[in-house]
Amino acid sequence: MKGFIIAAASSGAGKTTVSMGLMAAFKKRGLICQPFKVGPDFIDPGYHSIVCGRPSINLDSWMMPQRYVIESFWQHAEGADIAIIEGVMGLLDGGDASSAEMARILDLPVILVLDAGGMAETAGAILYGLKNYDNRLNIAGAILNRVGSDIHYKMISEAISGRWGAELFGYMRKDEAIGIKERHLGLVTAIENRPSDETIEQLIRTVEEGVDLDTILKKVEVKAKVMKKAEAEVKDFLNLNLNLNLLFSPQPQPKPKPSSKKVRLAVAYDEAFSFYYQDNLDMLEARGAELCWFSPLKDQRLPEGIEGIYIGGGYPEVYAEILDRNIPIKEEIRNLAEDGLPIYAECGGMIYLSQGILSGDGIFYKMAGIIPKRARMEKKLEAIGYREVELLKDCILGRKGNRIRGHEFHYSRLEGNPHDYNGKKIEYLYQVTDKRGSISVEGFGYKNLVASYIHLHFASNMAVAERFVEAMGGY
């Protein structure tokens, strides 16, 4: 099998565009391409999935145990001809959660992307530094992005030719037509801005005109010894049933058993809510959840016969006016929360369950009204980073004392009294620790509802999915 990681000197170098271009170009050649993304990002995997026709999988060496990372990679890469992993930030940024760390864990070669716009010979010094900074990494070569002309490319290639010990695989010309739109939280999601067939064809042409795909394929063969080791380790990984929670949880949990009884889980998915880790959904299905999709924007009723609701993150603030107008489905969710239906909501999903959204223009939009706070949109980033959660009491996600890891990233902040909903107590469920050791409380609980800004990854404690499904089965 072929496989490699796309990395760069910094964020904004064009990793997503280059990754999509390579994926699309190799797929055009008839290769089955399995996409991955390093880190907690939700948006890039959506674009990968459209191009490859296969779900893109997040790999994160902080949120996931290392063994899980390895086995997840090999399980999802099974049957593919080539695996392409888009990195995060700069090659070395993020310490134990960096693209470099992922390359070392998986023992895969790295292809560097360098934004060559505004530079010439200096590009050689940057590539040389990245290639030789850490000799544990296998830097196979580089692709120059946003190159202005053939002359521009020649200047750079001559400056580094034979000096850095790796290949220059070619370049991609600067072309605004193949870029991805951005806004305050990063790129616009694929569900909102699905690339047209014409855009993908243009992307393929740009790659084929400037990048030596044949040489890349020769340089990114995964080592036989790596594949043999992975094949041995992946045998006990079927159905994602490893008891990996022992790494992060204070007490052992039983190995989950496949459920014969299905429970119906309503999962919000539309332009406003689309942030889900594929692994989380897979784990829920493996334990007996039947995923029933619904749109808080378009549907006036939830799917029939549901026993739980999962509302992921997204951009509810962008669609606040539409969400405000769709009163019937908000009333149904509010009534079900009062009835004790298991409900789990993350970030944008939590905002949807709040009193409402106060926009930057000062307009207030009503949401479901369960959590007695409102979300105020800010111009600056309010929170970003990895989080470890310790449950302060038993809930639908686990037992008191269980630990779960995740990530937080948002431009809103909550205002209001967190302890009262219709005269009934709303409790904090999480003690949260960030990577610097700072401790806070978060996570709102009401009956069988759990809502928080934090996007949890269930691989950090495999009992989470099982507990959630059990709670639905007991409703």
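Residues numbered from 1 in each chain as written. Predicted model: local features only at pLDDT ≥ 70, side-chain atom pairs only at ≥ 80, totals over all residues. Heavy atoms only, no water.

Asker: Any chance you could explain unusual backbone geometry here in plain terms?
Answerer: Keep in mind that most residues, glycine aside, have a negative phi and that most peptide bonds are trans. Although it is not a glycine, M89 adopts a positive phi angle of roughly 50°. Considering the arrangement of structural elements, one finds M89 in the loop between β4 (82–86) and α4 (99–106). Within the chain, K447 stands out as a residue other than glycine whose phi angle is a positive 55°. Structurally, K447 is set in the loop between β25 (439–446) and β26 (449–452). (Helix = DSSP H or I, 4+ residues; strand = E, 2+ residues; numbered from the N terminus.)

Asker: So what exactly am I meant to see when it comes to the side chain of S274 here?
Answerer: Tracing the backbone through its elements, the reader meets S274 in strand β11 (residues 273–275). Residues in contact with S274, not counting those within four places in the same chain, are T189, I191, Y269, G313 and G314. (Contact = heavy atoms within 4.5 Å.)

Asker: What am I meant to see in the packing of aromatic side chains here?
Answerer: Both the distance between ring centres and the angle between the ring planes are used here to describe each pair of aromatic rings. Per the stated rule, a full pass over the model turns up 15 aromatic pairs. Taking 5.2 Å as the distance between ring centres and 80° as the angle between the ring planes, the aromatic pair formed by F73 and W74 counts as edge-to-face. For F73, a relative accessible area of 0% puts it in the buried group. An angle of 35° between the planes, with centres 5.4 Å apart, marks the rings of Y310 and Y344 as tilted. Within this pair, whereas Y310 is found in strand β13 (residues 308–311), its partner Y344 is found in strand β15 (residues 343–346), the two being separated by 34 residues in sequence. Y344 matches Y310 in its accessibility class, with the two residues each being buried. What links up through ring pairs into an aromatic cluster is the set Y276, Y310, Y344, F458 and F468. In this arrangement the basic side chain of R405 is found over the ring face of W62, its NZ or CZ atom lying 4.0 Å from the centre. (Phe/Tyr/Trp six-rings, centres within 6.5 Å; stacked < 30°, edge-to-face > 60°. Buried < 20%, exposed > 50% of the residue type's maximum accessible area, 1.4 Å probe, protein only. Lys NZ or Arg CZ within 6 Å of the ring centre and 35° of its normal.)

Asker: Even after reading the chapter, I still don't get the nonpolar core, so can you show me in this structure?
Answerer: Across soluble globular proteins, you tend to see nonpolar side chains buried next to one another. In this structure, I309, L353 and Y430 are the most contacted members of the largest nonpolar core, which totals 114 residues. Beyond its immediate chain neighbours, meaning those up to four positions away, I309 contacts L265, A266, F294, L302, I333, L336, L341, P342, I343, Y344 and F468. Core analysis: the next-biggest nonpolar cluster, separate from the first, contains 44 residues, A24, V113, M172 and I200 among them. (Core = buried A, V, L, I, M, F, W, Y, C linked by side-chain atoms within 4.5 Å.)

Asker: Mind showing me how you'd approach the side chain of E415 here?
Answerer: The topology assignment puts E415 in strand β21 (residues 412–415). Side chain to side chain, E415 and R376 meet in a polar contact 2.6 Å long. If we ignore the near neighbours within four places in the chain, the residues touching E415 are P372, K373, R374 and R376. (Polar contact = N/O pair within 3.5 Å; in protein donor to acceptor, adjacent residues only side chain to side chain.)

Asker: Could you clarify how one ought to interpret the sheet that holds strand β17 (residues 364–366) in this entry?
Answerer: Hydrogen bonds between backbone groups are what pair the strands of a sheet, and the pairing can be parallel or antiparallel. A sheet is described by the order of its strands in space; here four strands give the open sequence β17-β16-β18-β21, paired in mixed fashion. At either margin of the open sheet sits one strand with a lone partner, and together these are β17 and β21. Within this sheet the neighbouring strands show an average axis-to-axis angle of 25°, counted without direction. One ladder, built from four bridges, connects strand β16 (residues 354–358) with strand β18 (residues 371–377); its direction is parallel. For S354, the partnering residue across the bridge sits in β18 and is I371. (Pairing = 2+ DSSP bridges. Axes fitted to C-alpha atoms, helices over the stretch in contact; angles between N-to-C directions.)

Asker: When you look at the sheet that holds strand β27 (residues 455–456) in this model, what are you seeing that I'm missing?
Answerer: With respect to topology, 10 strands assemble into an open sheet ordered β12-β10-β13-β15-β26-β25-β24-β19-β20-β27, the strand pairing being mixed. Sheet topology places β12 (289–294) and β27 at the edges, where each strand pairs with a single neighbour. With six bridges connecting them, strand β10 (residues 263–268) and β12 associate as parallel partners. Looking across to β12, one finds that L265 is bridged to L291. Against the sheet, helix α10 (residues 278–286) contacts β10, β12, β13 and β27, and its axis sits at roughly 130° relative to β12.

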